[in-house]
Every structure is written in structure tokens, then in C-alpha cells.
Amino acid sequence: MINPVHDHENHSHTRRSFLKTTAAGTALATAALSGLPRSLFAAEQKSAVTFSPLPYPENSLEPYMSAKTLHIHHDKHYRKFVQQVQSRVKNSKYSNASLETIIKGTSDGINMEEALHLMAVLAWNHDFYWKSMKPKGGGPLPNQLEKTVTGTFGSVDAFKKQFKEAAMQFGSGWAWLVLDKGKPVVTYTRYHDSPLVAGQQPLLTLDTWEHAYYLDYQDRKEEYVDAFINHLANWSFAESMLPAPEKKDK
Ligand SMILES: [Fe+2]
């Protein structure tokens with residue numbers, strides 16, 4: 001389990017990032033003054049893993065998700081996961097690697113790499129979760145996604161029922177619509193698990209950790225899941241994740 005976010009840790013990371021940035025800036029300024037090429041300072045390059053801004057305003061998912069929930073979730077929890085990855089890949093073979101590369105490369109979960117794997121999964125999953133929602137979401141599925149889903153589940157309602165059942169599993173985790181060997185599948189991963197490790201292509205995810213909904217719904221998790229499916233889910237994003245042949249053939 002990941003511990004709850006503690007402000008002092010964020011402040012500590014922010015301060016360290018500031019000091020690092022300041023040190024790098026000073027080095028570059030020194031290089032410019034001395035005429036040394038900037039490539040000499042390549043070791044100062046930042047991680048390829050970055051903190052993604054929300055794709056919509058914090059209050060734009062109300063009344064189904066409050067600005068307060070989204071702010072704490074994105075700016076505190078998610079920021080910590082990204083900072084943890086950035087900190088752990090420093091001076092390692094993953095210093096310039098993407099989250100996907102880190103997740104797949106550390107999936108054995110051994111020794112020092114285990115914590116990096118967990119943090120990388122959480123950073124990736126959350127980034128995908130922000131994109132899986134939008135203001136005025138829910139509603140009918142776009143044409144290509146509807147055909148893909150209906151072809152496997154029989155109907156959109158049957159797909160949504162399976163997705164809800166996955167999301168309602170007890171404990172902290174993630175409900176997913178993924179492509180598995182090209183076929184749409186509803187799945188559920190616990191805690192810090194990723195469908196990427198199983199070679200699946202995520203299309204949409206719902207965060208079912210309590211921090212995602214407790215301020216707004218307390219113990220009424222089912223209301224949160226229904227609100228996501230009916231008012232927040234970004235079906236257009238899910239459709240955009242279908243591979244090109246899937247879109248073309250349907
Ligand atoms: Fe979360």
C-alpha cells in the first residue's frame with residue numbers, strides 16, 4: 001500500500017526540485033560564460049517522466065466530482081507519484097525512459113526496482129484516468145467504439161454492466177476497458193498493477209481507490225461508479241485509443 005500523501009514530503013520534493021533546477025541553471029549559465037558546450041551538461045537533463053496538467057479545469061467535472069477531490073487527487077497524490085519516479089530514476093538506466101518503458105522493464109518487481117515499478121504504474125494509471133474523464137462525459141458511445149464493444153459484449157448496456165461490476169470489486173484498484181489481443185475486455189487490477197504488463201492496450205480506466213471519491217461520496221462507492229459511467233467517462237478518448245486497423249475496419 002502506498003501511504004497517504006504527506007504535505008511535508010511534497011514540500012521536501014518541491015524544494016529539492018527547486019534546488020536541482022537552480023543548480024542546473026547555474027551550471028548552464030557558467031557554461032555559457034566560459035564558452036563550454038551545453039552537451040557537457042547532458043547529465044543534468046530531466047527525466048522523460050513529467051507531471052501532466054489536467055486536461056480540463058478542476059471544477060469542470062462538478063457536480064459529479066468536486067474541484068476539491070480533483071485538486072487533492074491530481075495536485076497532491078498524482079504529483080507525489082510522478083516526483084517519486086523522477087527521483088528514483090535519477091542516475092539509473094531509466095533516467096531518460098518513458099513510464100511505459102519503466103513499467104515493462106521493472107515488472108519483475110525485484111529489490112530496488114520494485115518501488116520504482118509501483119510508482120511508475122501509479123503515475124501512468126493516473127495520467128490515463130484524467131484522460132478517461134471529461135466534462136459532460138458519459139452518454140452514448142461514439143460509433144467505432146460502440147461497434148467494437150457490441151461485437152464482443154452483445155450490447156453497450158452489457159459492457160457497462162461488466163465495467164460496473166469490475167469497478168465495484170472490494171478494495172483499491174482500477175477498472176479497465178482494454179484490448180487484449182485485439183479484443184475488448186473488461187478487467188480489474190489491484191493497487192499498483194498495470195494491464196501494460198500483461199501486454200494489454202488500455203482504452204479507459206476508473207480509479208477505485210477511496211481517495212478518488214471519498215470526499216464526495218464517502219461509503220457510497222456505487223454512486224461514484226455510476227456517475228463515472230453516465231456523466232464523466234470520455235468515450236471519445238477510449239475510441240481514440242483503438243489501433244488504426246480497428247477504427248478503419250469498423
Ligand atoms: Fe488515485
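Since the structure is predicted, the reported quantities are computational estimates derived from the model, not experimental observations.

### Considering the overall build of the chain
For step 1, the next point in the chain: Along its length, the chain carries 10 helices and 3 strands.
For step 2, the next point in the chain: Ordering the α and β elements of the chain from the N terminus gives α-α-α-α-α-α-β-β-β-α-α-α-α.
For step 3, the next point in the chain: In the chain, which comprises 250 residues, the proportion classed as buried is 44%.
For step 4, the next point in the chain: Here the contacts in the chain between residues at least 6 apart in sequence split such that 69% fall between residues at least 24 apart.
For step 5, the next point in the chain: Counting only carbon and sulfur atoms, one obtains 53% of the accessible surface of the chain, whose full area is about 12900 Å².

### Remarks on the pattern of salt bridges
For step 1, the next point in the chain: Within this structure, the stated rule accounts for 7 salt bridges.
For step 2, the next point in the chain: Put simply, K181 and D180 hold a salt bridge, and the shortest N to O gap is 3.7 Å.
For step 3, the next point in the chain: When salt bridges with common partners are traced through the structure, they connect K164, E222 and D226 into a single cluster.

### So, the coordination of the iron ion
Angles between donor atoms at a metal ideally measure 109.5 degrees for a four-coordinate tetrahedral arrangement and either 90 or 180 degrees for a six-coordinate octahedral one.
For step 1, the next point in the chain: Protein coordination at the iron ion comes from H73 (NE2), H126 (NE2), D207 (OD) and H211 (NE2), with a distance range of 1.9 to 2.1 Å.
For step 2, the next point in the chain: Bound by 4 donor atoms, the iron ion shows angles of 90 to 131° at the metal and therefore tetrahedral coordination geometry.
For step 3, the next point in the chain: Here the donor residues of the iron ion are spaced in sequence according to H-x52-H-x80-D-x3-H. Here the residue H73 occupies a position in helix α2 (residues 67–89), and D207 occupies one in strand β3 (residues 201–207), the gap between them amounting to 134 residues.
For step 4, the next point in the chain: When its relative accessible area of 0% is taken as the criterion, D207 is described as buried.

### Description of the sheet that holds β3
Strands in a sheet are paired, the pairing made by backbone hydrogen bonds, and the direction either parallel or antiparallel.
For step 1, the next point in the chain: Spatially, β2-β1-β3 is the arrangement adopted by the 3 strands of the open sheet, whose pairing is antiparallel. Each edge of the open sheet is held by one strand with a lone partner, namely β2 (183–190) and β3. Across the sheet, the axes of successive neighbouring strands diverge by a mean angle of 20°, strand direction being ignored.
For step 2, the next point in the chain: Judged from the 8 bridges that link them, strand β1 (residues 173–180) and β2 form a sheet pairing that is antiparallel.

### Here's the deal with the side chain of H117
For step 1, the next point in the chain: Its location among the elements puts H117 in helix α4 (residues 111–131).
For step 2, the next point in the chain: Residues in contact with H117, not counting those within four places in the same chain, are I103, T106, S107 and V197.

### Here we look at unusual backbone geometry
For step 1, the next point in the chain: With an omega dihedral of 5°, the bond running from E62 to P63 counts as a cis peptide bond.
For step 2, the next point in the chain: Within the element layout of this structure, P63 appears in the loop between α1 (7–34) and α2.
For step 3, the next point in the chain: One non-glycine residue, Y191, lies in positive phi territory at about 45°.
For step 4, the next point in the chain: Tracing the sequence through the fold places Y191 in the loop between β2 and β3.

### A word on helix α6 (residues 156–167)
For step 1, the next point in the chain: An ideal rise of 1.5 Å per residue puts 16 Å on 12 residues; α6 measures up with 16 Å between its terminal C-alpha atoms.
For step 2, the next point in the chain: Those residues of α6 that fall on the buried side of the exposure criterion are V156, F159, K160, F163, A166 and A167. The buried side chains of α6 occupy one side of the element, clustering within an arc of 120° when seen end-on. For α6, the exposed residues set more than 90 degrees away from the buried face come down to D157 and K161.
For step 3, the next point in the chain: Lining the buried residues of α6 we find α5 (143–153), β1, β2, β3, α8 (221–232) and α9 (235–240).

What counts and what doesn't
- Residues numbered from 1 in each chain as written.
- Predicted model: local features only at pLDDT ≥ 70, side-chain atom pairs only at ≥ 80, totals over all residues.
- Heavy atoms only, no water.
- Helix = DSSP H or I, 4+ residues; strand = E, 2+ residues; numbered from the N terminus.
- Buried < 20%, exposed > 50% of the residue type's maximum accessible area, 1.4 Å probe, protein only.
- Contact = heavy atoms within 4.5 Å.
- Areas by Shrake-Rupley, 256 points an atom, 1.4 Å probe, with all protein chains shown as cover.
- Salt bridge = Lys/Arg side-chain N within 4 Å of Asp/Glu carboxyl O.
- Donors = N, O, S within 2.8 Å, 3.2 Å for Na, K, Ca; no water.
- Tetrahedral: all angles 85-135°; square planar, octahedral: opposite > 155°, others 65-115°.
- Pairing = 2+ DSSP bridges.
- Axes fitted to C-alpha atoms, helices over the stretch in contact; angles between N-to-C directions.
- Expected span 1.5 Å × (residues − 1).
- Arc of directions from axis to C-beta.

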